[in-house]
Structure formats: C-alpha cells, structure tokens
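Secondary and tertiary structure notes
This is what each chain is made of:
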Amino acid sequence: MNKKEVTKPMHVQVAERVIEALKAGTAPWQVPWDAGGMPFVLPYNLQSGKRYRGINSLSLLMSGREDPRWMTYKQAEESGFQVRKGEKSMMIQFVKTSDERTKRDTSGKVLHDELGKPITEKIQLSHAIVRNAYVFNADQIEGMPKLELEKPGGLWEPIERAEKLITSSGAVINHINSGNAFYDPGKDAITLPHKDWFSGGDRYYATLLHELGHWTGHQDRLNRDMGEGFGSESYAREELKAEIASMLLGQELGIGHDPGQHYAYVESWISILENNPFEIFSASMDAERIFGYVIGLERGKELSKHEHSLGTLKVSPAKEINYLTTGDKIQYNGSVYQVLGHLKQGRLKMLESLNGNAFTLSQQDKLYSALSFLKTQMGKEESQSYEHSFPERSDDNSAEINR
C-alpha cells in the first residue's frame with residue numbers, strides 16, 4: 001500500500017479495487033462457488049472466530065489471499081505466532097465507542113491497586129469515533145496451523161437450514177416452467193423455476209435466497225428503495241446489495257451462490273461506483289442488513305409476526321416486556337443495538353452496531369418495544385449471546401465497524 005493510496009478514504013480504495021475486479025470478472029460475488037471443490041469461506045478473525053463485515057469483508061476478499069484467516073500483529077503475538085519480516089498489512093476500519101483512563105479520587109490523585117499499579121476504568125465516548133486497524137493474513141504469519149476445510153457434497157438434496165429459513169419467512173414462492181427467477185414487489189411474491197431446472201440443491205437454494213434478499217426490501221420489512229425497474233440505476237443498486245448479501249448467505253449456509261444470471265448489471269455497477277465510490281460502503285451495509293434479517297428468520301414465526309405488526313401489537317409491561325438496561329446488546333433487523341447508559345426522563349443512550357450510529361431512545365418509541373420484546377423472548381443471557389453480531393473489537397476499547 002503506497003502513501004498516495006493511504007491518503008484516500010477506505011471506501012474509495014475499495015471501490016477502485018471493486019471496479020477493477022468487475023472489469024476482469026473477478027469481483028467476490030461474481031465468482032461461482034464450485035460444490036465439487038473446497039468451500040468458500042469469508043474472511044474472519046482467527047482469534048475471535050468472528051467474520052469481518054461490510055466493506056472490510058470485501059476489501060480482504062480482494063487482497064488476493066486464499067486463506068480466510070486474519071489477525072492483527074498484536075493478536076498474532078498473543079497467540080504465539082510471528083508475522084514475517086517485511087510483510088504488508090491490510091487496513092480495516094472500526095468504531096471506538098469507549099476509552100480507558102486512569103482512575104482518580106475526588107482530589108484528583110491517581111488510585112493504585114494492591115500491587116501499586118494505577119487502576120484504570122472504561123468510559124463511554126459521547127460520539128463514536130472511526131479508527132483504522134491493520135491485519136495480516138495467515139499466509140504471512142509463522143507458526144500458523146494448516147487450514148483444514150471439509151469438502152461439501154454436490155448431490156441434489158434439500159438443505160434443512162435453508163428450508164427452515166424459507167418456511168419461517170412466510171414468503172410467497174411460485175414455481176414456473178421457465179428459466180426466470182425474480183421478486184415482484186407489487187405482488188410481494190418470488191417466482192422461481194421448478195427445482196428440476198437446477199443442477200443441484202445448492203444452485204436452487206442460492207437462487208432462492210438471492211430473491212429472498214430482494215424480498216426483505218419490502219416496505220413492511222427493511223423498507224429499501226427497490227428501484228424503478230430493470231435498466232435503471234436504482235435497480236442496479238438493489239441488485240448489487242442482493243448479490244453481496246447472496247454471497248454472505250451462501251457461505252453461512254454452506255451452499256455458495258451462482259452469479260451467472262446477474263452479469264447484465266456489471267456495466268451499471270461500474271458506472272455507479274465510478275460516479276460515487278461511497279456506494280460500495282452503502283451497498284455492503286445494506287447487504288449486512290439483508291443477511292441479518294434473513295438469518296434472523298431462524299428465530300421463528302412468532303418473532304417475525306411481532307416485527308411485522310409492531311405498530312398494532314399491545315403487550316402488558318408487567319408480564320411481557322423486559323425493560324432495557326445498560327449493557328444490553330440485542331439483535332434486530334440485521335444489526336445489534338447496545339444500551340450505553342440511562343438519561344433523564346427514562347431515555348436511553350444507544351449505539352447501533354452496523355454503522356456506529358449513537359442516538360437517544362425513549363420508551364414511547366416503537367424500537368424500544370421491539371428490543372424489549374426480543375429481550376423478553378430470548379432472556380437476558382440469550383440476548384447477550386448475540387454479541388457475535390456486534391462489530392468485533394480490535395482491543396478492549398474499540399469495536400470494528402461493518403466487518
């Protein structure tokens with residue numbers, strides 16, 4: 001990475017590499033996953049086991065490294081490994097939401113523990129701060145164990161987890177004797193070829209999940225701009241979001257994804273990114289929201305119905321609502337919402353993980369009702385377990401944005 005490149009914002013750097021890859025037909029979501037080969041695995045942090053998200057995931061995918069494992073220099077040292085001399089790192093971005101400071105008494109004197117070391121404490125920042133971090137691939141690290149991946153099968157068979165997601169969604173799915181696959185926003189219905197048109201179960205479910213990604217954009221779900229019809233720039237934007245989300249879902253379910261029918265949008269994608277490089281950041285964020293929403297369908301129909309009718313649902317606070325409190329982290333609509341602290345008049349200071357937005361939430365807001373309902377359904381311990389969806393921390397005081 002040269003000095004000139006470092007001065008460019010990260011989204012510009014990634015957009016330029018995406019444009020180059022699109023022109024060569026090698027963008028991450030353009031390369032089909034071969035069910036007969038090794039499984040496709042998205043970049044993840046080896047120490048935490050968490051997948052990098054959003055624009056960071058795309059950036060690492062286009063690094064030219066085959067190994068999906070990444071670590072910071074410090075993490076490698078802590079794990080007993082050593083980054084080879086002369087190796088160059090890849091930049092990622094994270095959001096810093098808290099800081100550490102030396103604890104003092106009321107007179108300003110530094111407090112010490114029983115060993116004489118200064119006592120430190122964490123403080124929440126008033127505004128989230130975007131920071132850079134630098135990671136190395138497993139191929140650049142000495143002492144790294146060999147990557148072991150199981151080869152998947154290629155037979156046509158139902159995929160249980162995909163079937164569960166589809167059933168839980170309640171989406172209307174029509175099958176026809178044609179090679180066309182599409183989502184119709186007006187009818188709120190998905191149309192697919194019959195299963196025997198596909199060479200294997202992985203191709204069928206990959207196509208269906210792509211269309212289910214479009215389905216999430218309906219006004220009663222994630223309420224996305226679905227575009228003005230084939231050939232429009234807004235339509236191409238929606239396809240870009242669905243393609244990236246399809247790649248994420250394909251790896252999560254182990255079925256890959258088939259980009260063959262979406263090559264028609266390549267020129268539009270190139271034009272969009274050349275005119276506005278920030279679109280790659282926006283598309284990757286929306287793709288993560290799609291991914292989170294679809295995977296969230298595994299929570300079952302009861303929760304899904306609640307989310308879709310939030311405005312009319314009435315519950316008894318004494319019996320069904322668990323009030324939110326500092327430290328709660330709850331997954332909702334493809335993101336994670338963290339309660340940072342309490343304010344006056346019962347309001348809460350909140351952080352939304354996907355883009356690092358800090359905001360104030362009152363008990364009268366519909367979002368409060370949704371989050372408290374989720375906390376009630378899952379219980380405090382289960383809601384805390386969703387921390388794996390919160391941006392990964394590169395140290396104790398910082399959380400990675402859109403990994």
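Residues numbered from 1 in each chain as written. Predicted model: local features only at pLDDT ≥ 70, side-chain atom pairs only at ≥ 80, totals over all residues. Heavy atoms only, no water.

**Focus on the confidence of the model for the chain**
What counts, and what does not: Confidence of the predictor at the level of single residues is given by pLDDT, which spans 0 to 100. Every residue pair with non-hydrogen atoms within 4.5 Å of one another is taken to be in contact.
Per-residue pLDDT for the chain has a mean of 77; in total, 77% of the residues score no lower than 70. Note that pLDDT drops below 50 for residues 1-5; the model gives that stretch five contacts with residues more than four away or on any other chain. Under a pLDDT of 50 for its full length, residues 152-156 has, in the predicted model, 13 contacts with residues more than four places off or in other chains.

**Observations concerning the side chain of D67**
We count it as follows: Per the convention used, a helix needs a DSSP run of H or I reaching at least four residues, while a strand needs a run of E reaching at least two, with both numbered from the N terminus.
Residue placement: D67 occurs in the loop between α3 (54-61) and β2 (69-72). D67 has contacts with N137, A138, D139 and L147, leaving out every residue within four places of it along the chain.

**Overview of helix α9 (residues 279-296)**
Applied cut-off: Take the number of residues in a helix, subtract one, and multiply by 1.5 Å to get its expected span. A 1.4 Å probe rolled over the protein chains alone gives each residue an accessible area, and that area as a share of the maximum for its type sets the label: buried under 20%, exposed over 50%, partly exposed in between.
If you check α9, its first and last C-alpha atoms are 25 Å apart, about what 18 residues at 1.5 Å a residue would give, namely 26 Å. Counting buried residues along α9, 16 of its 18 residues qualify, which places the element largely inside the surrounding structure.

**Things to note about the nonpolar core**
Here is the rule we go by: The term nonpolar core refers to a set of buried residues drawn from Ala, Val, Leu, Ile, Met, Phe, Trp, Tyr and Cys, joined through side-chain atoms within 4.5 Å.
Core analysis: the largest hydrophobic core is formed by 59 residues, its most contacted members being L22, W29 and I280. Apart from the residues lying within four places of it in its own chain, the contact partners of I280 are H11, V14, A15, V18, W29, I55, L58 and L273. Within the second largest apolar cluster, twelve residues are counted, among which are I330, Y337, A370 and L374.

**Topic: the packing of helix α2 (residues 10-24) against helix α8 (residues 266-275)**
Under the convention used in this document: Axis geometry follows a simple rule: fit a line to the C-alpha atoms, using only the stretch in contact for helices, then measure angles between N-to-C directions, giving values from 0 to 180 degrees. Every angle not falling under 35 degrees, over 145, or within 65 to 115 is termed oblique; those three ranges are roughly parallel, roughly antiparallel and roughly perpendicular. Handedness of a crossing is defined here by the sense of rotation of the near helix relative to the far one, left-handed for an anticlockwise turn of less than a right angle and right-handed for a clockwise turn.
Where α2 contacts α8, the two axes come as close as 10 Å, and the packing angle between them is 160°. Here α2 is positioned roughly antiparallel relative to α8, judged by the angle of their axes. α2 and α8 meet at a crossing whose hand is left-handed. Between α2 and α8, the contacting residues are A15, V18, I19, L22 and K23 on the first element and V266, W269, I270, L273 and E274 on the second.

**Re the sheet that holds strand β7 (residues 172-176)**
What counts here: Only strands that DSSP links by at least two bridges are regarded as paired with each other.
Taken in spatial order, the three strands make up an open sheet running β7-β9-β8, and their pairing is mixed. Only two strands of the sheet have a single neighbouring strand rather than two, namely β7 and β8 (182-184). For this sheet, the mean inter-axis angle between neighbouring strands, taken without regard to orientation, is 25°. Examined bridge by bridge, β8 and strand β9 (residues 189-193) share three bridges and lie antiparallel to one another. The residue bridging Y183 from the neighbouring strand is I190, located in β9.

**Here we look at the packing of aromatic side chains**
Heads up, the condition is: Only Phe, Tyr and Trp rings are paired, with Trp represented by its six-membered ring, and only when their centres lie within 6.5 Å; those with planes under 30 degrees apart are stacked, over 60 edge-to-face, the remainder tilted. Put simply, a charge is over a ring when the Lys NZ or the Arg CZ is close to the ring centre, within 6 Å, and near the line of the ring normal, within 35 degrees.
One pass over the structure, following the stated rule, counts four aromatic pairs. Pairing Y204 with Y205 gives two aromatic rings, centres 5.1 Å apart and planes at 75°, and the pair type is edge-to-face. Across this residue pair, the class does not change: Y204 and Y205 are buried. Lying over the aromatic face of F291, R51 brings its terminal NZ or CZ to 4.8 Å of the ring centre.

**Description of the pattern of salt bridges**
A side chain of one charge can pair with a side chain of the opposite charge when the charged atoms of the two come close. To keep it simple, the criterion reads: What makes a salt bridge here is a side-chain nitrogen of Lys or Arg within 4 Å of a carboxyl oxygen of Asp or Glu, nothing more.
Evaluation of the coordinates by the stated rule reveals 16 salt bridges. Of the charged contacts, one joins R101 and E121 as a salt bridge, the two residues approaching to 3.2 Å between their closest N and O atoms. Separated by 20 residues along the polypeptide, R101 in strand β4 (residues 90-102) and E121 in strand β5 (residues 120-137) bring together distant segments of the chain. A salt bridge links R289 to D286; its shortest N-O distance comes to 3.2 Å. One end of the pair is R289 and the other is D286, both in helix α9 and three residues apart, which spans about a single turn. Note on D286: relative accessible area 13%, which makes it buried. Salt bridges sharing common partners tie together R51, R53 and E288.

**What to know about the environment of E211**
Tracing the backbone through its elements, the reader meets E211 in helix α6 (residues 201-215). Here the alpha-carbon distance between E211 and Y183, two residues 28 residues apart in the chain, equals 5.8 Å. Excluding its chain neighbours within four sequence positions, the residues that come into contact with E211 are A181, F182, Y183, I190 and L192.

**Observations concerning the environment of V14**
With respect to the secondary-structure elements, V14 resides in helix α2. Linking V14 and L58, residues 44 residues apart in sequence, is a C-alpha distance of 7.6 Å. Here V14 is in contact with I55, L58, S59, M62 and I280, once residues within four sequence places are set aside.

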